[in-house]
Each structure stands twice: as structure tokens, then as C-alpha cells.
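# Fold and contact review
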Amino acid sequence: MNIVSTIAEARAHLDAARANGQQVGLVPTMGFLHDGHVSLMTAAGADCDVVMTTIFVNPLQFAAGEDLSDYPRDLESDTQRCAAAGVSVLLVPPVEEMYPEPILTVVQVDEVSKALEGASRPTHFAGVCTVVAKLFNIAGPCRAYFGEKDWQQLQIVSRMASDLSFPVEVVGCPIVREPDGLAMSSRNVYLEGPHRDAATVLSRALGLGAEAARSGETDAEVVRAIIEAEVGAEPLAELDYAAVVDARTLAPVASVDANTRLLVAAQVGPARLIDNVGV
Ligand code: AMP
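These numbers come from a predicted model, not from an experiment. (Residues numbered from 1 in each chain as written. Predicted model: local features only at pLDDT ≥ 70, side-chain atom pairs only at ≥ 80, totals over all residues. Heavy atoms only, no water.)

On a plain count of helices and strands, the protein chain comes out with 10 helices and nine strands. For the protein chain, the spread of C-alpha atoms along the three principal axes comes to 55 × 40 × 35 Å. Residues classed as buried in the protein chain amount to 49% of the 279 residues present. Long-range contacts, defined as pairs at least 24 residues apart, comprise 72% of the intrachain contacts of the protein chain with a sequence gap of at least 6. Surface exposure of the protein chain reaches about 12,400 Å², of which carbon and sulfur atoms provide 51%. (Helix = DSSP H or I, 4+ residues; strand = E, 2+ residues; numbered from the N terminus. Buried < 20%, exposed > 50% of the residue type's maximum accessible area, 1.4 Å probe, protein only. Contact = heavy atoms within 4.5 Å. Areas by Shrake-Rupley, 256 points an atom, 1.4 Å probe, with all protein chains shown as cover.)

Pasting the structure below:
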């Protein structure tokens, strides 16, 4: 595995691979890697000849007061995980490499960015899109793997790639969960004791909502209320939103069908958690 810190080195490796007729896979991450991240690398490795994982805690996507300075990091463990997953190139750029001067260009995807996470974190998706656009330009023509864990992000990045004609095929990968249902997340490290137990309420609430929908409940408000009530019954969880939306546009729907996605966000002690499920 080649561990590189500059854009030029990353490009050189991937350009050489493509010159040899090889397909490139890209897995952007913020590090502190867990099995969810590894599943993206495994999917990329199954489809592509050369996989580049990036680890970059992108300051642009954190608002003031969020956990940028506390965001967990463990480069040694991350490096081992990437090597074990068959990654060819690990790009770990310092902030000065990505943003040598204050960035003046912002990539913003309208509509689909506004609600849900966008409402709670108004500058977040512009930061995500700007760095992902940069990473797409660094990687060049490739397949890029993103987790369904961040469902809204996946829709936004797919739309950005298509709107701006990036030579990138965005591939979504299923959510990897802990045995008790909690969606894996680097931020789960913030959860201890009772908060860790309480965190299972998100997947449980979504499960109840999805079960109702699969049993024939078509009223989106009824399904939404089931999720809201379950999270509301957990004293250590503070609901941010429970939403029943069109899976692609993220617009609220009145009735549930196969294109509906259920999403939830809640604060559980020190961690803000998100989760979602299809019906
Ligand atoms: P992050 O490091 O949190 O920015 O995540 C990097 C990528 O890993 C994103 O595409 C996430 O959606 C994906 N990811 C994070 N957690 C999971 C999970 N539990 N299952 C699948 N993908 C995940």
C-alpha cells in the first residue's frame, strides 16, 4: 500500500493505473475507520483494480461549536485496516495540502441539501460537496463508494456528480451495524454506558416504522409518529427529526411506497446520531 500525503502523488498513482487500463475505486473518509468504512473498501476492491482511500477530517463541513477539534483519530489503526482491506493508495493530506489558502469556491447542491441534516447543520453539505468535488478531481475517472448510513449525503453527492458531469460513478453501500442494531459510526466512540445502550433507540424506532409500512400502513404521518414516539420514550435521546421522505429527493411524502426512506436524527448524550432505513 502506498501512503501519500500530496495530491500530486495520489494523481500519479491513479493516472498510472488508468494508463494500464485499470479501473480506479475511491473511498473518501474522515478516518477512525470501522467495519462500515471497510465494507466500502471491500466493495470497491470487488469492482475495481486499484482502490484509493482518503482520510481527511474536512474543516469545511464542521460548523463552529461542532466536534472538529475532538474528532477521533487513529492513523496507525486506520493504516492497518486499509492495508488489510487491499487498498492500494492511502491519501492522508494535511489541511494545508487541501486548502493552501482560504477556499473561495463553494459547491452547493440545492433543494436536496436543505431539509433534515441541512436544516440542523446549514453549512455542512456545502463543506461536504466542496471537499468531495476536490477529491473527485484529484482521483479522476473512477467509481466512488459512499455509505447509505449518510443517506442524504449519498443523494447529494450523486446529484452533484451528475449535475457537474464528473467522470465518477457514485456507488451506495449498505449500512453496517453493531450486533444490537446501532449503525457503526466513528462518533459512537463518544457513547459510554447508558448512552451507548440508549443509542439503539434509533435503529429500533426505524425498525418499528419500517415494520408498520411493510405490514400495510401507507399513511406517512402514522409511520413518522411511530418513529417519533419510540425515540421519545427513551429519556436519554433527544429527537432532532423523524422523517418519511422520497428516497431520492428527500421531500416529505404523504403516503409510503417502495421509494420511501425513513430517516431519524437524535442527540444521545454527547453524540449526535443519524440512521435511516428503506421500506
Ligand atoms: P465518515 O468517515 O464518517 O465521513 O464516513 C466515510 C464514508 O463511510 C461515508 O460514505 C459514510 O457514509 C460511510 N459510512 C460510515 N459509517 C458507515 C456504516 N455504518 N455503514 C456503511 N457506510 C458507512
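The rest of the description comes next.
Below, the discussion takes up the sheet that holds strand 8 (residues 260–268). Strand order across the open sheet formed by three strands is 7-8-9, with antiparallel pairing between neighbours. A strand with exactly one partner marks an edge of an open sheet, and here the two such strands are strand 7 (237–246) and strand 9 (271–278). Going from strand to strand, the sheet's axes swing by 15° on average, the running direction of each strand aside. In this sheet, strand 9 lies alongside strand 8 in antiparallel orientation, the contact comprising eight bridges. Looking at the pairing, Leu262 lines up with Val277 of strand 9. Sheet strands in contact with helix 10 (residues 220–232) are strand 7 and strand 8, and its direction is about 160° off that of strand 7. (Pairing = 2+ DSSP bridges. Axes fitted to C-alpha atoms, helices over the stretch in contact; angles between N-to-C directions.)

Attention now goes to the site of the ligand. By nearness alone, 17 residues border the ligand, and His37, Gly147, Asp150, Val176 and Met184 come closest of all. A distance of 2.9 Å separates an oxygen atom of the ligand from a polar atom in the backbone of Gly147. One of the backbone nitrogen or oxygen atoms of Val176 is found 2.9 Å away from a nitrogen atom of the ligand. Only strand 2 (24–29), helix 2 (35–47) and strand 5 (142–147) provide two or more residues apiece to the shell around the ligand. (Near = heavy atom within 4 Å. Polar contact = N/O pair within 3.5 Å; in protein donor to acceptor, adjacent residues only side chain to side chain.)

Turning next to the packing of aromatic side chains. Applying the stated rule across the entire model yields four aromatic pairs. Taking the centre distance of 5.9 Å and the plane angle of 55° together, the rings of Phe56 and Tyr99 count as tilted. Within this pair, whereas Phe56 is found in the loop between strand 3 (50–55) and helix 3 (75–84), its partner Tyr99 is found in the loop between helix 4 (95–98) and helix 5 (117–120), the two being separated by 43 residues in sequence. Classification of Phe56 as buried rests on a relative accessible area of 6%. Judged by its relative accessible area of 12%, Tyr99 falls in the buried class. Note on Phe62 and Tyr71: the rings are 5.9 Å apart at their centroids and 75° apart in plane angle, and the pair reads as edge-to-face. Among the residues examined, Phe62 registers a relative accessible area of 8% and is labelled buried. Aromatic rings pair up to connect Phe136, Phe146 and Phe166 into one cluster. (Phe/Tyr/Trp six-rings, centres within 6.5 Å; stacked < 30°, edge-to-face > 60°.)

Right, let's talk about the pattern of salt bridges for a bit. Oppositely charged side chains may form a pair once their charged atoms are brought near each other. Counted according to the given criterion, the structure contains 16 salt bridges. A salt bridge links Arg261 to Glu148, with the nearest nitrogen and oxygen atoms 3.7 Å apart. Taken together, the residues Arg261 in strand 8 and Glu148 in the loop between strand 5 and helix 7 (151–163) connect sequence positions 113 residues apart. In this structure, Arg159 and Asp163 form a salt bridge, with 3.0 Å as the shortest nitrogen-oxygen distance. Taken together, the residues span about one helical turn, with Arg159 and Asp163 both in helix 7 at a distance of four residues. Among the residues examined, Arg159 registers a relative accessible area of 48% and is labelled partly exposed. Here the residues in one salt-bridge network are Asp110, Glu111 and Lys114, joined through shared partners. (Salt bridge = Lys/Arg side-chain N within 4 Å of Asp/Glu carboxyl O.)

Before going further, it helps to examine the sheet that holds strand 3. Strand-to-strand pairing in sheets goes through backbone hydrogen bonds, with the strands running parallel or antiparallel. Strand order in the open sheet formed by six strands is 1-4-3-2-5-6, with parallel pairing between adjacent strands. Because the sheet does not close on itself, it has two edges, and the strands there are strand 1 (2–4) and strand 6 (168–173). When the angles between neighbouring strand axes are averaged without regard to direction, this sheet yields 25°. In terms of strand pairing, strand 5 meets strand 6 through six bridges, oriented parallel. In the sheet register, Arg143 faces strand 6, and the bridge partner there is Glu169. Contacts from helix 3 reach strand 1, strand 3 and strand 4 (89–91) within the one sheet, and its direction differs from that of strand 3 by about 165°. Each of strand 5 and strand 6 is contacted by helix 7, which is oriented at about 165° to strand 6, the strand it contacts most.

Residues apart from glycine generally show negative phi values, whereas peptide bonds are mostly found in trans. For Phe32, which is not glycine, the phi torsion reads 50° and is therefore positive. Among the structural elements, Phe32 can be located in the loop between strand 2 and helix 2. Residue classification places Phe32 among the partly exposed residues on the basis of a relative accessible area of 24%. The backbone of Glu111 sits at a positive phi, close to 60°, despite the residue not being glycine. Following the sequence through the fold, Glu111 ends up in the loop between helix 4 and helix 5.

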